[in-house]
Amino acid sequence: MFSSNSDSEDIPWDKLPYVTLILIYKFLEIADRFNASLVCHSWFHAFESGTLWKKTNFVFSGDMVDDSRKALKFAKKHANSLKDLKIHFRKIDKVLIQEALNNLQLLFECLESFSQLYFFDLENFYHYPSHRSPSAVVALANRAFKGFLKSQHHLKKIAFINVRLSESDGLDILTEIAEQNQSLEHLGLTYFFESFLDVHRYDQCKNKSSYA
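Every value quoted in this text rests on a predicted model; they were computed, and no experiment measured them.

Draft legend 1. Structural view of the overall build of the protein. Regarding its fold elements, the protein presents 8 helices and 7 strands. Here the protein holds 212 residues, and 40% of them are scored as buried. Sequence-distant contacts, at least 24 apart, represent 76% of the contacts inside the protein between residues at least 6 apart. Summed over its atoms, the accessible surface of the protein is roughly 12,400 Å², and 54% of this surface lies on carbon and sulfur atoms.

Dropping the structure here:
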C-alpha cells in the first residue's frame, strides 16, 4: 500500500494515478518494465503508453534471434512514439542466423516508415553481418539500415561507435544525413569506417566528377 500525501487513506497498487505509474516506469529498465506491467490492468495500460517509450535502448546481448524478435515487436507498436533511440550490439562473438538478420531488416524498415527521431546512437553494428550468414540476407539488412537513416529528417544528435562501414556506404550515409537534417547539432563518429579513409583521394574523385 502507498500512503497519500493529501490524506491518511491508503491507495491500492491498482489505483495509483496514471502519471505516477509513468514516473515509476521511467526509473525501470525495459525488462523490469515488462515485469511490472503484469501487476494489474492499470499498470499494463500505463506500460502501453507511447509517452513511456519516447526514449528507448535496444541492447542485443544474448540470443540474437529472440532479441531481434522482441525489438521488432516493440517497434511495430511504438515506433511512432520514438524520439531518442539507442541500438547497442553487446555480444560480438555470436553467429547470427538468417532469422535474426531478417528481423533486423524488418526492424529498420518499420523505423523508416513510422519514426522521426531527434537522437540516435548506434554501437558495434559492424559485428552483426556475420560472414556465415547468406550474403543476400546481409545485403537486405544493410539496405534497410541505410534506408532508415535516409528517412530521418529531424535528427539533432547522432553517434556512431564501431559501425565500420565500407567507404562507399559510409560516405553515402553521411551525405544523406547532411542533406536531410538541417537541424543536426552533433555528429559523433568513432571507428565509423572499416579502414582509414583517404580524404584527399575522395576530394579528387569529387572534383573530377564535378567537371565530367
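Here the narrative resumes.
Draft legend 2. View of the pattern of salt bridges. Counted under the stated rule, the structure contains 7 salt bridges. In this structure, Asp 66 engages Arg 69 in a salt bridge whose closest nitrogen and oxygen atoms are separated by 3.7 Å. Separated by 3 residues within a single helix, Asp 66 and Arg 69 lie in helix α4 (residues 64-78), roughly one turn from each other. Two residues, Asp 66 and Lys 70, come together in a salt bridge whose shortest N-O distance is 3.3 Å. On the criterion of helical spacing, the pair formed by Asp 66 and Lys 70 is a turn pair, its members being 4 residues apart in helix α4. You can call Asp 66 partly exposed: its relative accessible area is 26%. Here the salt bridges do not stand alone but share partners, grouping Lys 146, Lys 150, Asp 169 and Asp 172 into one network.

Draft legend 3. Up close: the packing of α4 against helix α5 (residues 98-114). Where α4 contacts α5, the axes come no closer than 9 Å and their chain directions differ by 20°. One finds that α4 runs roughly parallel with respect to α5. Of the two possible hands of crossing, α4 and α5 adopt the one that is left-handed. Touching Met 64, Val 65, Ser 68, Arg 69, Ala 71, Leu 72, Ala 75 and Lys 76 of α4 are Glu 99, Ala 100, Asn 103, Leu 104, Leu 106, Leu 107, Cys 110 and Leu 111, all from α5. Taken together, the residues of the contact of α4 with α5 sort by class into 11 nonpolar, 2 polar and 3 charged.

Analysis parameters
Residues numbered from 1 in each chain as written. Predicted model: local features only at pLDDT ≥ 70, side-chain atom pairs only at ≥ 80, totals over all residues. Heavy atoms only, no water. Helix = DSSP H or I, 4+ residues; strand = E, 2+ residues; numbered from the N terminus. Buried < 20%, exposed > 50% of the residue type's maximum accessible area, 1.4 Å probe, protein only. Contact = heavy atoms within 4.5 Å. Areas by Shrake-Rupley, 256 points an atom, 1.4 Å probe, with all protein chains shown as cover. Salt bridge = Lys/Arg side-chain N within 4 Å of Asp/Glu carboxyl O. Axes fitted to C-alpha atoms, helices over the stretch in contact; angles between N-to-C directions. Parallel < 35°, antiparallel > 145°, perpendicular 65-115°, else oblique. Left-handed = near helix turned anticlockwise from the far one by under 90°. Nonpolar A, V, L, I, M, F, W, Y, C, P; charged D, E, K, R; others polar.

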